[in-house]
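Read off the chains here:
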Amino acid sequence: MTFQNTRKFAQQLDAQDELKNYRNEFIFPQHNGKNVIYFTGNSLGLQPKRTQKYVNDVMNDWANMAVEGHFFAEKPWWDYHERFAQPLSKIVGALPSEVTVMNTLTVNLHLLMVSFYRPTEKRYKIICEEKAFPSDQYMFQSQVIAHGLKPEDAIVEIKRRDGEHNIRLEDILSKIEEVGDELALVLFGGVNYYTGQVFDMKTITEAGHKVGAYVGFDLAHAAGNIKLELHDWNVDFAAWCSYKYMNSGPGNASGCFVHEKHHHSNLPRFAGWWGHNKERRFKMEPNFEPVHGADGWQVSNLPILSLAPYLASVEQFAEVGMDKLITKRNQLTAYLEFILHEIDAEIPGTEFEIITPSNPSERACQLSVFLHGQGRNLFDYLMANGVITDWREPNVIRLAPAPFYCSYEDMYEFGQILKEGINSLKK
Ligand SMILES: *Cc1c(COP(=O)(O)O)cnc(C)c1O
């Protein structure tokens, strides 16, 4: 499609958008009486209007039934998490028994590493991406230290080549082969949080397995954003947070995936009563007998007040399906890219460098843009004018137009505000 940088053209795309009505199902912060242009769905998704009811239902059941709500609430609390299996498994390409929700993301990755990072004298190394999300880096270091190993020896980072912003698949694969039978675990992001690069999880998983390692993914920026086929890709385990693209609310619960092939294995795990055989859970027996499935990694009884907003969101995703979201995402991101190039060409002396891969199969919703020649005051200008985005050192803004609620007109409007900002700051 040939795009145009006009309001009329953007409005036409909106009119043809199959998902256009979903915009009204979200609550936007207001700026001068208008919806803000929201580019930070990769950090905290907007609140769906339906969420309030899910939370109120729990509050009311608690008020009216107190402890009886565990079994007699309309959605009983004791197995509330099981309502996620069906819809969530579709979102991440898994069998229902392979997914569960519990805890928060870094906690779950730690718990999964208890099972999937079992270093031996010979096989003890972890491969991860250079500049992984800081929480993941701290996790790797502390796990390795807990096993009595040295981070500088046990953690192998895949680096970007000099002058390049993205990691090459060939470099990941050759490093996996090189580390070979010393490799215990590959734990990568599905989508890099800084550049928005999407990694080829299927190929990475195959390569890791070929040398005898386990392969897991941190899907914080992938869940609800890209097409995942975790089961078919044969991924061993994965976890994601729900508050980014999945719109479940600040700091909210995490989803986990454990491949079916591990459900009957004797992998060690840190156990708790919610992972115990469901039929016998309340018999209060001394010996742990795990549920067969991802639910067997559960630890505590569940925080229902945080699962309620997540359930609202998962059901909304299930209604629409990832395919439609991805179709809109591709066009919306391409339109944003076009607008950036237009504005860049219009204003002498600017140079926007999009560091996200330009190949649509290697990117998703997010464009990370190096604003050469511009400073933090441009970011401040955008924020003061109703464009919510984020800033990373040295001068990168990340723009993530979530297809659920962002419009094409938002992209056009953003371009205009960006241009005004650059021109007014020049003066
Ligand atoms: C957002 C994010 C996290 C956050 O982890 P929490 O435990 O939910 O605070 C972790 N890893 C990546 C890659 C992220 O993008």
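Look above for the structure.
These figures come from a predicted structure and were not determined experimentally.

**What about unusual backbone geometry?**
Here Glu 393 and Pro 394 are connected by a cis peptide whose omega angle stands at 0 degrees. Tracing the chain through its elements places Pro 394 in the loop between strand E16 (390-392) and strand E17 (396-399). With a phi close to 45 degrees, Ala 66 is a non-glycine residue in the positive phi region. Position of Ala 66 relative to the elements: it lies in the loop between helix H2 (51-65) and helix H3 (69-72). Judged by its relative accessible area of 39%, Ala 66 is partly exposed. Even without a glycine there, the phi angle at Lys 131 is positive, about 55 degrees. For Lys 131, the location among the structural elements is in the loop between strand E7 (125-129) and helix H6 (134-146).

**Thoughts on the nonpolar core**
One finds Leu 88, Leu 230, Trp 240, Tyr 335, Leu 340 and Phe 414 to be the most contacted residues of the largest nonpolar core, which totals 135 residues. With 10 residues, helix H11 (residues 322-346) is the largest single contributor of residues to this core. Ignoring sequence-local partners within four residues, the contact set of Tyr 335 consists of Phe 3, Gln 4, Asn 5, Thr 6, Phe 9, Ala 10, Leu 13, Tyr 408, Met 411 and Tyr 412. Counting five residues, the second-largest nonpolar core is a separate cluster that includes Tyr 193, Tyr 194, Phe 370 and Val 396.

**Side note on the sheet that holds strand E13 (residues 351-354)**
The pairing of strands in a sheet comes from backbone hydrogen bonds and takes either a parallel or an antiparallel form. Pairing is antiparallel in the open sheet, where four strands are placed in the order E13-E14-E17-E16. What marks the edges here is a single partner per strand, and that holds for E13 and E16. Each strand axis lies, on average, 30 degrees off the axis of its neighbour in the sheet, ignoring direction. Where strand E14 (residues 367-372) and E17 come together, four bridges link them in antiparallel fashion. When the sheet's bridge partners are listed, Ser 368 is paired in E17 with Arg 398. Docked against the sheet, helix H12 (residues 376-384) engages E14, E16 and E17, running at close to 165 degrees with respect to E16.

**As for empty space enclosed by the protein**
Throughout the structure, instances matching the rule amount to two cavities of 30 Å³ or more. Space inside the largest cavity adds up to approximately 150 Å³. Considering the residues around the largest cavity, the lining is formed by 17 residues, among which Glu 129, Phe 133, Asp 136, Gly 189 and Asp 218 are closest to the centre. In terms of residues, the lining of the largest cavity owes the most to one element, strand E9 (residues 183-189), which gives three residues. By residue class, the composition of the lining of the largest cavity is 10 nonpolar, three polar and four charged. For the second largest cavity, the calculated volume is near 40 Å³.

**Quick word on the packing of H12 against helix H13 (residues 408-426)**
The relative placement of two packed helices is expressed as an angle between their axes plus a distance between the axes. For the pair H12 and H13, interaxial distance at closest approach is 10 Å and the crossing angle is 130 degrees. Between H12 and H13, the interaxial angle falls into the category oblique. Relative to H13, H12 is oriented so that their crossing is right-handed. Counting all contacts with H12, which are made through Asn 377, Leu 378, Tyr 381 and Leu 382, the residues of H13 involved are Phe 414, Ile 417, Leu 418, Glu 420, Gly 421, Ile 422, Ser 424 and Leu 425. Split into classes, the residues belonging to the contact of H12 with H13 amount to eight nonpolar, three polar and one charged.

**Observations concerning the environment of Pro 96**
Looking at the secondary structure, you find Pro 96 in the loop between helix H4 (85-92) and strand E6 (99-102). Each C-alpha atom of the pair Pro 96 and Ala 312 lies 18 Å from the other, and the pair is 216 residues apart in sequence. Among all residues touching Pro 96, those that are not within four sequence positions of it are Ala 85, Gln 86 and Ser 89.

**A short note on the side chain of His 262**
Within the fold, His 262 resides in the loop between strand E12 (254-258) and helix H10 (304-320). Exposure remark for His 262: the relative accessible area of 7% places this residue in the buried category. Within the local environment of His 262, its side chain forms a polar contact with the side chain of Asp 236, the two groups lying 2.7 Å apart. Those residues in contact with His 262 that sit more than four places away from it in its chain are Phe 116, Tyr 214, Asp 236, Leu 267 and Trp 297.

What counts as what
Residues numbered from 1 in each chain as written. Predicted model: local features only at pLDDT ≥ 70, side-chain atom pairs only at ≥ 80, totals over all residues. Heavy atoms only, no water. Helix = DSSP H or I, 4+ residues; strand = E, 2+ residues; numbered from the N terminus. Buried < 20%, exposed > 50% of the residue type's maximum accessible area, 1.4 Å probe, protein only. Core = buried A, V, L, I, M, F, W, Y, C linked by side-chain atoms within 4.5 Å. Contact = heavy atoms within 4.5 Å. Pairing = 2+ DSSP bridges. Axes fitted to C-alpha atoms, helices over the stretch in contact; angles between N-to-C directions. 1 Å grid on protein atoms, 1.4 Å probe; cavity = no way out; pocket = protein on both sides within 12 Å on 5 of 7 lines; lining within 4 Å. Points joined across faces, edges and corners; volume = space filled by probe spheres on them. Nonpolar A, V, L, I, M, F, W, Y, C, P; charged D, E, K, R; others polar. Parallel < 35°, antiparallel > 145°, perpendicular 65-115°, else oblique. Left-handed = near helix turned anticlockwise from the far one by under 90°. Polar contact = N/O pair within 3.5 Å; in protein donor to acceptor, adjacent residues only side chain to side chain.

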